[in-house]
Amino acid sequence: MTVRHGFHATMTAQPGKADELVELLLDAPSLPHEDCVVFLVSRSASDPDVVHVVEGWTSAEAHSRFFASEQAQALVGKLQPLLIGESSYTDAVPVGGKATF
């Protein structure tokens, strides 16, 4: 499948909650979703409370449909209490790259 829509999120966990945040993200319902081609969770090297998520979807529409679902909204509800402040979200149009698994 081809990634035609990218999504990036940067979140800051409350002190001591980053491991729990990462655990929830790694169990996200988007991981087994057929339209989610890339799902990468990482932590900042300089601030372990900062967590990044990079997603690649088959289309912007597939991404929007998924995040409007009850399953996705339930995950968002679980994540919110673990976070400090506003998270940043950015949509992207992939133009190239490489992934080896």
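Report follows, based on the coordinates. Only a predicted model underlies this, so the values are computations on that prediction, with no experimental measurement involved.

Thresholds applied
For every chain, the first residue of the written sequence is number 1, and numbering continues from 1 along that sequence. pLDDT decides what is reported in this predicted model: residues at 70 or higher carry local features, side-chain atom pairs at 80 or more are listed and counted, and totals for whole chains, interfaces and linings draw on all residues regardless. As a rule here, side-chain values come from all non-hydrogen atoms in the structure, and water together with hydrogens is ignored. Going along the chain from the N terminus, every DSSP run of H or I of four or more residues is numbered as a helix, and every run of E of two or more is numbered as a strand. In this treatment the radius of gyration is a C-alpha quantity, and the globule benchmark scales as 2.2 Å times the residue count to the 0.38 power. For the exposure calls, accessible area comes from a 1.4 Å probe over protein chains only, and a residue counts as buried if that area is under 20% of its type's maximum, exposed if over 50%, partly exposed in between. Contacts are assigned to residue pairs with any non-hydrogen atoms lying within 4.5 Å of each other. A 1.4 Å probe and the Shrake-Rupley method give the accessible areas. Residues count as covered only by the protein chains that appear here. For the charge count, each Lys or Arg is scored as positive and each Asp or Glu as negative, with His and the chain ends excluded. The atom standing in for a charge is NZ when the residue is Lys, CZ when it is Arg, CG when it is Asp and CD when it is Glu. Pairing of aromatic rings covers Phe, Tyr and the six-membered ring of Trp, with a centre-to-centre limit of 6.5 Å; geometry is then stacked below 30 degrees between planes, edge-to-face above 60, and tilted otherwise.

## Re the overall build of the protein
The number of helices and strands found in the protein is 3 helices and 4 strands. The helix and strand sequence of the protein, counted from the amino end, reads β-α-β-β-α-α-β. Its C-alpha atoms give the protein a radius of gyration of 13 Å, near enough to 13 Å, the size a compact globule of 101 residues would have. By its C-alpha atoms, the protein is 40 × 30 × 25 Å across when sized along the principal axes. Among the 101 residues that make up the protein, the fraction classed as buried is 35%. For the protein, the proportion of contacts with a sequence separation of at least 24, taken over those separated by at least 6, is 68%. Counting only carbon and sulfur atoms, one obtains 54% of the accessible surface of the protein, whose full area is about 6,400 Å². Mean positive and mean negative side-chain charge positions of the protein (6 and 13 charges, respectively) differ by 5 Å.

## What to know about the packing of aromatic side chains
Throughout the structure, instances matching the rule amount to 5 aromatic pairs. When the centroid spacing of 5.9 Å and the interplanar angle of 35 degrees are considered together, the rings of phenylalanine 7 and phenylalanine 67 count as tilted. Remark: phenylalanine 67 occurs in helix H2 (residues 60–67) and phenylalanine 7 occurs in strand E1 (residues 5–12); sequence separation between them is 60 residues. A relative accessible area of 10% places phenylalanine 7 in the buried class. Between the aromatic rings of phenylalanine 66 and phenylalanine 67, the centroid separation amounts to 5.1 Å while the plane-to-plane angle is 90 degrees, which identifies the pairing as edge-to-face. Using a relative accessible area of 5% as the deciding quantity, one classes phenylalanine 66 as buried. On the basis of relative accessible area, phenylalanine 67 is assigned to the partly exposed category, the value being 23%. In this structure an aromatic cluster arises from ring pairing among Phe7, Trp57, Phe66, Phe67 and Tyr89.

Keep in mind that these numbers describe shape and distance, not what the molecule does.
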